Amino acid sequence: MLLTCPYCGPRDVSEFTYQGDGNRQRPAPSSQDLQAWNEYVYDRQNPAGDHNEIWQHSGGCRSHIRVLRNTVTHVVSSSAPVRGNTHHRATERRKPGAKA
Ligand SMILES: [Zn+2]
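So, here is what we can say about the structure in this document. (Residues numbered from 1 in each chain as written. Predicted model: local features only at pLDDT ≥ 70, side-chain atom pairs only at ≥ 80, totals over all residues. Heavy atoms only, no water.)

Before going further, it helps to examine the sheet that holds strand β6 (residues 76-81). Across the sheet, which stays open at both edges, the 4 strands sit in the order β3-β4-β5-β6 with antiparallel pairing between neighbours. At either end of the open sheet lies a strand with only one pairing partner, and these are β3 (17-21) and β6. Direction aside, the axes of adjacent strands within the sheet are offset by 30 degrees on average. Strand direction decides the pairing type here: strand β5 (residues 64-70) and β6, joined by 5 bridges, are antiparallel. Counted as the bridge partner of I65 is P81 from β6. (Pairing = 2+ DSSP bridges. Helix = DSSP H or I, 4+ residues; strand = E, 2+ residues; numbered from the N terminus. Axes fitted to C-alpha atoms, helices over the stretch in contact; angles between N-to-C directions.)

Structure (structure tokens):
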């Protein structure tokens, strides 16, 4: 299976690490709604079809990407950065103490 990193192009899935379900909504950090936290931590969807997933290009640029993948056919419909403008290439990393 190939995943397309928006920065590196198509790469074998062995270069990527699955980071989880992209549909989860984390409760506010100050929330004391135990049911909401329990659902966030433990409940997972297991769809047979399109699934919104987060992957990390751990064997490459290390960026996180959002992938829409069909769990039955493994066809990837789209891939995009999780965050639009916070990607830093290895050669562009911030220096310690630099402002973001
Ligand atoms: Zn990459």
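The discussion continues.
Okay, the pairing of strand β1 (residues 2-5) next. Residue alternation in β1 divides its side chains into a buried set, L3 and C5, and an unburied set, L2 and T4. Across 4 bridges, the pairing between β1 and strand β2 (residues 9-12) is antiparallel. Among the inter-strand pairings, T4 is bridged to a residue of β2, identified as P10. The antiparallel hairpin formed by β1 and β2 contains 3 residues in its connecting segment. (Buried < 20%, exposed > 50% of the residue type's maximum accessible area, 1.4 Å probe, protein only.)

The next subject is the coordination of the zinc ion. Distances from the zinc ion to its protein donors, C5 (SG), C8 (SG), H57 (ND1) and C61 (SG), fall within 2.1 to 2.4 Å. Each of the 4 donor atoms around the zinc ion contributes to a set of angles spanning 105 to 119 degrees, which defines the coordination as tetrahedral. The sequence motif formed by the donor residues of the zinc ion is C-x2-C-x48-H-x3-C. (Donors = N, O, S within 2.8 Å, 3.2 Å for Na, K, Ca; no water. Tetrahedral: all angles 85-135°; square planar, octahedral: opposite > 155°, others 65-115°.)

Counted by the stated rule, this structure contains 2 salt bridges. The salt bridge partner of E15 is R11, with a shortest N-O separation of 3.8 Å. Overall, the relative accessible area of 24% leaves E15 in the partly exposed class. According to the relative accessible area criterion, R11 is partly exposed, its value standing at 30%. Across the salt bridge formed by R69 and E53, the nearest N and O atoms sit 2.7 Å from each other. (Salt bridge = Lys/Arg side-chain N within 4 Å of Asp/Glu carboxyl O.)

Geometric descriptors of this kind do not, in isolation, establish any biological role.
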